[in-house]
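Spelled out from the first residue to the last, the chains are:
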Amino acid sequence: MTFNALNIHPEVANAIKNGIPVVALESTIISHGMPYPQNIETAKAVEQIVRDHGAIPATIAVIKGVCTVGLTNEVLDYFGQANNIVKVSLRDLPYVVSQGLYGATTVAATMRIAAMAGISVFVTGGIGGVHRGAATNMDISADLTEMAETNVAVVSAGVKSILDIGLTLEYLETMGIPVVTYGQLAFPSFYSTNSGFNSPMQLNSSKEIADLLKVKWDMGLRGSVLIANPIPAEQAIATDEMEEHIILALDAAKRAGVIGKDITPFLLKYIADHTKGESLEANIALIKHNAALGAKIAVDLATSSN
Ligand code: PSU
Ligand code: MN
């Protein structure tokens, strides 16, 4: 059994080769993070927004064991509906590749494959982080350890409050990962513009963010930068309203005995099901918003690197 390299879509490969900006996108959000058909509609809309802002989108997934960078619409349709798709974090990659399976990649696995392909900007909704109760359950997403290691910037709407946001920020500090909030100091919590924690850094333009990335990597400092892009205020959901649903979701997960990699998808689905689609709408709005910022950063980074 050998590793059959990567399959990079010709449009993406051409862009990488010629210094044209590229934005990587994950697939767990499609297969395990959002319901059908909104998942596919959103995935396609996000790709279009990346294009509208001057970059080439590269959604990443594992197809029959092949790490694939840049998906066709047919493949996106498949990943949005099929039920044989493994949620693939870093740990799961060699298994799905050697077994020839279909895998939807998390932030961690997407970053790693993006780096293999030579892509340095990645857009998602929310990253995984330190879970509530981590002091006893040790549940810390591999997204964080990956961010310490791999030179791919991550644009997100902050950290979802299903996690312990304070501990997640502490962990990011320990691992040397800069956390930059775009346009404000308050660190956003996915559905809300303000998590109650301040961001360690604030930058106000995509150019300044691209400069920070370039300097970090030119200095030989390995790893990611977490760029937190607050949800547009008109789409935000009040923190205390979300908190009620989160408490119920955590309780339901505990009663159902959900652990490990199934926790995050369980909580996301529970909350979406119990907020009458309001959270789904917010989720869609924020990822589109992130796609625009990520594409601008990729454009500025390509300009300063060419
Ligand atoms: N948070 C969200 N939506 C998501 C995820 C997290 O609001 O879709 C997904 C991402 O793919 C992320 C993964 O990388 O969940 C984290 O999973 P875990 O906690 O098992 O590492
Ligand atoms: Mn976990």
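Now for a look at the structure at hand. (Residues numbered from 1 in each chain as written. Chains lettered and ligands numbered in written order. Predicted model: local features only at pLDDT ≥ 70, side-chain atom pairs only at ≥ 80, totals over all residues. Heavy atoms only, no water.)

## Points about the overall build of the chain
Argument step 1. Each helix and strand in the chain was counted, giving 13 helices and eleven strands.
Argument step 2. For 306 residues, the compact-globule estimate of 2.2 N^0.38 gives 19 Å, and the C-alpha radius of gyration of the chain, at 18 Å, lies within 12% of that figure.
Argument step 3. With the C-alpha coordinates aligned to their principal axes, the bounding extent of the chain is approximately 50 × 45 × 35 Å.
Argument step 4. Sorting the 306 residues of the chain into buried and exposed places 53% on the buried side.
Argument step 5. Considering only contacts within the chain whose residues lie at least 6 apart along the sequence, 73% involve residues at least 24 apart.
Argument step 6. Just so you have it, the chain exposes about 13,000 Å², and 54% of that area is on carbon and sulfur atoms.
Argument step 7. Side-chain charges of the chain comprise 20 positive and 29 negative groups, with the mean position of each set lying 5 Å from the other. (Helix = DSSP H or I, 4+ residues; strand = E, 2+ residues; numbered from the N terminus. Rg over C-alpha atoms; globule rule 2.2 N^0.38 Å. Buried < 20%, exposed > 50% of the residue type's maximum accessible area, 1.4 Å probe, protein only. Contact = heavy atoms within 4.5 Å. Areas by Shrake-Rupley, 256 points an atom, 1.4 Å probe, with all protein chains shown as cover. Lys, Arg positive; Asp, Glu negative; His and termini not counted. Charge placed at Lys NZ, Arg CZ, Asp CG, Glu CD.)

## A look at empty space enclosed by the protein
Argument step 1. All told, the structure shown has two cavities of 30 Å³ or more when counted by the stated rule.
Argument step 2. Its volume calculated, the largest cavity comes out at about 120 Å³.
Argument step 3. Surrounding the largest cavity, 13 residues form its lining, Glu26, Ile29, Ile30, Ala43 and Ile287 being those nearest its centre.
Argument step 4. Mapped onto the lining of the largest cavity, the elements with two or more residues apiece are helix 2 (28-33) and helix 3 (38-52).
Argument step 5. Element by element, the count of residues in the lining of the largest cavity is highest for helix 3, at five residues.
Argument step 6. Classifying every residue of the lining of the largest cavity gives eight nonpolar, three polar and two charged.
Argument step 7. As a volume, the second largest cavity reaches approximately 40 Å³.
Argument step 8. Forming the boundary of the second largest cavity are Gly33, Lys160, Tyr191, Leu268, Ala272, Ser279, Leu280 and Asn283.
Argument step 9. Those elements that place two or more of their residues in the lining of the second largest cavity are helix 12 (263-274) and helix 13 (278-305). (1 Å grid on protein atoms, 1.4 Å probe; cavity = no way out; pocket = protein on both sides within 12 Å on 5 of 7 lines; lining within 4 Å. Points joined across faces, edges and corners; volume = space filled by probe spheres on them. Nonpolar A, V, L, I, M, F, W, Y, C, P; charged D, E, K, R; others polar.)

## Some words on the site of ligand 1
Argument step 1. Around ligand 1, the structure places 15 residues, and the nearest of them are Glu26, Lys87, Ser141, Asp143 and Lys160.
Argument step 2. Separating an oxygen atom of ligand 1 from a side-chain N or O atom of glutamate 26 is a distance of 2.6 Å.
Argument step 3. The fraction of the free accessible surface of ligand 1 (470 Å²) that becomes covered by protein chains is 94%.
Argument step 4. The cavity that encloses ligand 1 is the largest pocket.
Argument step 5. Elements that contribute at least two residues to the shell around ligand 1 include exactly helix 2 and helix 12. (Near = heavy atom within 4 Å. Polar contact = N/O pair within 3.5 Å; in protein donor to acceptor, adjacent residues only side chain to side chain. Sits in = over half its atoms within 2 Å of the grid points.)

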